[in-house]
Amino acid sequence: DVGFNGCKDIPTPNLDRLAQSGVRFTDFHASGAVCSPTRAGLMTGRYQQRFGFETNPGPEADADEKFGLPRGEPTIAERLKPGGYATGMFGKWHLGYKPELQPTARGFDEFFGFLGGANSYLPGSRRGGSRNPILRGTQPVAEKEYLTDAFGREAVAFIEKHRDRPFFLYLPFNAVHAPLEAIDKYLRRFDAIKDPTRRTFAAMLSAMDDSIGRVLDALRKHGLEEQTLVFFISDNGGPTSQTTSSNLPLRGSKGQLLEGGIRVPFIIQWKGRLPAGKVDDRPVIQLDVLATAMAAAGLAV
């Protein structure tokens, strides 16, 4: 459901301009059909099955006590830090609850987000409350902004803070994951959509697009576009029946290994290095991101 893939009822101008200034891949696959295993593959550059990470864990209270990204599997943040990179993550972790498995113990200097698989977007009704709080570092905070906006705000602040040194920014929005929640600012853009579920989904996607635009604008403001390799990825296909998301023309949806569950949008931008507006039909997988980023940084894997 993005403009560059032909979506008509939900404008995504910032993602569209990212596609216009970078390379859009049409045959890109995630290594899993659900959230957590796909993130394990992204963070390590390895097939997650190789280290036994094949399922979502459920909420912390129900998760297996062994759940988490194994300490013996270094993350991309842990690999980049020795190269002098500042590392920050803002959003959904979903890779471990124990203190030694949380982002600040896995290579991230800064973390603002939550550890579980989902959270409320609305102030005052965070899903799970004290069981799944919004954290700054390891400390719970009372976030008063719409959560997608808050993650965009924190990402821009990270760029502002580290604009004069190498940095790695990981921005895993929980949008457009359930629960479907939006604020009037975004809902008003879609008064023409009569299906209330589709309207809320559209508002959530529009909010994410806005925040991505703010991040891209921050790079441009500081003259960093030619120094910054940008990836846009979805972790899996949409759960169509719950959210009205469309995986067409592919068959299947999130949770399935049909193409609709694992073949997702992917864009790379590196101005001055990669061609603008190119469409690439070669098969690619999100496991390639770590090796690509390490090569760009001049660091060995």
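Above: the structure in question.
Computed from a predicted structure; not experimentally measured. (Residues numbered from 1 in each chain as written. Predicted model: local features only at pLDDT ≥ 70, side-chain atom pairs only at ≥ 80, totals over all residues. Heavy atoms only, no water.)

Chemist: How do you make sense of the overall build of the protein when you look at a structure like this?
Modeler: On a plain count of helices and strands, the protein comes out with nine helices and 11 strands. Relative to the globule expectation of 19 Å for 301 residues, the C-alpha radius of gyration of the protein, 18 Å, shows essentially globular dimensions. Each principal axis of the C-alpha distribution contributes one length, and for the protein these read about 50 × 45 × 40 Å. Out of the 301 residues belonging to the protein, those deemed buried represent 53%. (Helix = DSSP H or I, 4+ residues; strand = E, 2+ residues; numbered from the N terminus. Rg over C-alpha atoms; globule rule 2.2 N^0.38 Å. Buried < 20%, exposed > 50% of the residue type's maximum accessible area, 1.4 Å probe, protein only.)

Chemist: I tried to follow the sheet that holds strand β9 (residues 266–269) on my own but got confused; where do I start?
Modeler: Each strand in a sheet pairs with another by means of backbone hydrogen bonds, the pair being arranged parallel or else antiparallel. Taken together, the four strands give an open sheet; going across it, the order is β8-β9-β1-β10, and neighbouring strands pair in mixed fashion. Since the sheet does not close on itself, it has two edges, and those belong to β8 (230–233) and β10 (278–280), each with one partner. Strand-to-strand twist in this sheet, taken as the mean axis angle between neighbours without regard to direction, amounts to 20 degrees. Direction of pairing for β8 relative to β9: antiparallel, over a ladder of four bridges. Following the sheet pairing, Phe-231 is matched in β9 by Ile-268. (Pairing = 2+ DSSP bridges. Axes fitted to C-alpha atoms, helices over the stretch in contact; angles between N-to-C directions.)

Chemist: Before we go on, may I ask you to explain the nonpolar core in this structure?
Modeler: The tendency in soluble globular proteins is for nonpolar side chains to be buried side by side. Leu-15, Met-208 and Phe-232 are the most contacted members of the largest nonpolar core, which has 45 residues in total. Breaking this core down by element, the ones donating at least two residues are α1 (13–20), β3 (86–92), β4 (110–114), α4 (147–162), α5 (184–187), α6 (196–221) and β8. In terms of residue count, α6 provides more of this core than any other element does, 12 residues in total. Contacts of Leu-15, omitting those with residues within four sequence positions, involve Val-2, Phe-4, Met-208, Asp-209, Ile-212, Phe-232 and Ile-267. Counting residues in each nonpolar core, the second largest holds 33 residues, with Phe-28, Ala-63, Val-264 and Val-289 among its members. (Core = buried A, V, L, I, M, F, W, Y, C linked by side-chain atoms within 4.5 Å. Contact = heavy atoms within 4.5 Å.)

Chemist: Sorry if this is basic, but what is going on with the pairing of β4 here?
Modeler: Within a regular strand, the side chains alternate between the two sheet faces. Among the five residues in β4, four count as buried, and that is most of the element. When β3 meets β4, the two strands line up parallel, connected through five bridges. Along β4, the bridge assignment pairs Lys-92 with Phe-114. By the bridge criterion, two bridges tie β4 to strand β5 (residues 135–136) in an arrangement that is antiparallel. Considered in β5, the bridge of Phe-112 is made with Arg-136.

Chemist: Would you take a moment to explain the packing of α1 against α6 for this structure?
Modeler: Two quantities define a packed helix pair, namely the angle between the axes and the distance from one axis to the other. Relative to each other, α1 and α6 sit at 50 degrees, their axes nearing to 7 Å. Considered as vectors, α1 and α6 are oriented oblique to each other. Note on element contacts: α6 touches α1 through Met-208, Asp-209, Asp-210, Ile-212, Gly-213, Leu-216, Asp-217 and Arg-220, opposite Pro-13, Asn-14, Leu-15, Arg-17 and Leu-18. Here the contact of α1 with α6 is built from residues that sort into six nonpolar, two polar and five charged. (Parallel < 35°, antiparallel > 145°, perpendicular 65-115°, else oblique. Nonpolar A, V, L, I, M, F, W, Y, C, P; charged D, E, K, R; others polar.)

Chemist: Can you walk me through the packing of aromatic side chains in this structure?
Modeler: Two aromatic rings, taken as a pair, are described by how far apart their centres are and by the angle between their planes. Applying the stated criterion to the full structure yields 14 aromatic pairs. A connected cluster of aromatic rings, assembled from ring pairs, spans Phe-25, Phe-28, Phe-231 and Phe-266. (Phe/Tyr/Trp six-rings, centres within 6.5 Å; stacked < 30°, edge-to-face > 60°.)

Chemist: Could you clarify how one ought to interpret α1 in this entry?
Modeler: Owing to its 3.6 residues per turn, the α-helix aligns residues three or four sequence positions apart on the same side. Buried residues of α1: Asn-14, Leu-15, Asp-16, Leu-18 and Ala-19, and no others. On its buried side, α1 packs onto β1 (23–25), α6, β8 and β9.

Chemist: Quick question: what am I supposed to make of the packing of α4 against α6 here?
Modeler: With their axes 9 Å apart at the nearest point, α4 and α6 run at an angle of 10 degrees to one another. Here α4 lies roughly parallel to α6, going by the angle between them. Across the interface between the two elements, Thr-148, Asp-149, Gly-152, Ala-155, Val-156, Ile-159 and Glu-160 of α4 pack against Ala-207, Met-208, Ser-211, Arg-214, Val-215, Ala-218, Leu-219 and Lys-221 of α6. In the contact of α4 with α6, the residues fall into eight nonpolar, three polar and four charged.

Chemist: How should I be thinking about the environment of Pro-123 in this particular structure?
Modeler: With respect to the helices and strands, Pro-123 occurs in the loop between β4 and β5. A relative accessible area of 39% means that Pro-123 is categorised as partly exposed. Here the alpha-carbon distance between Pro-123 and Leu-147, two residues 24 residues apart in the chain, equals 7.8 Å. Beyond its immediate stretch of four places on either side in the chain, Pro-123 contacts Glu-143, Lys-144, Glu-145 and Tyr-146.

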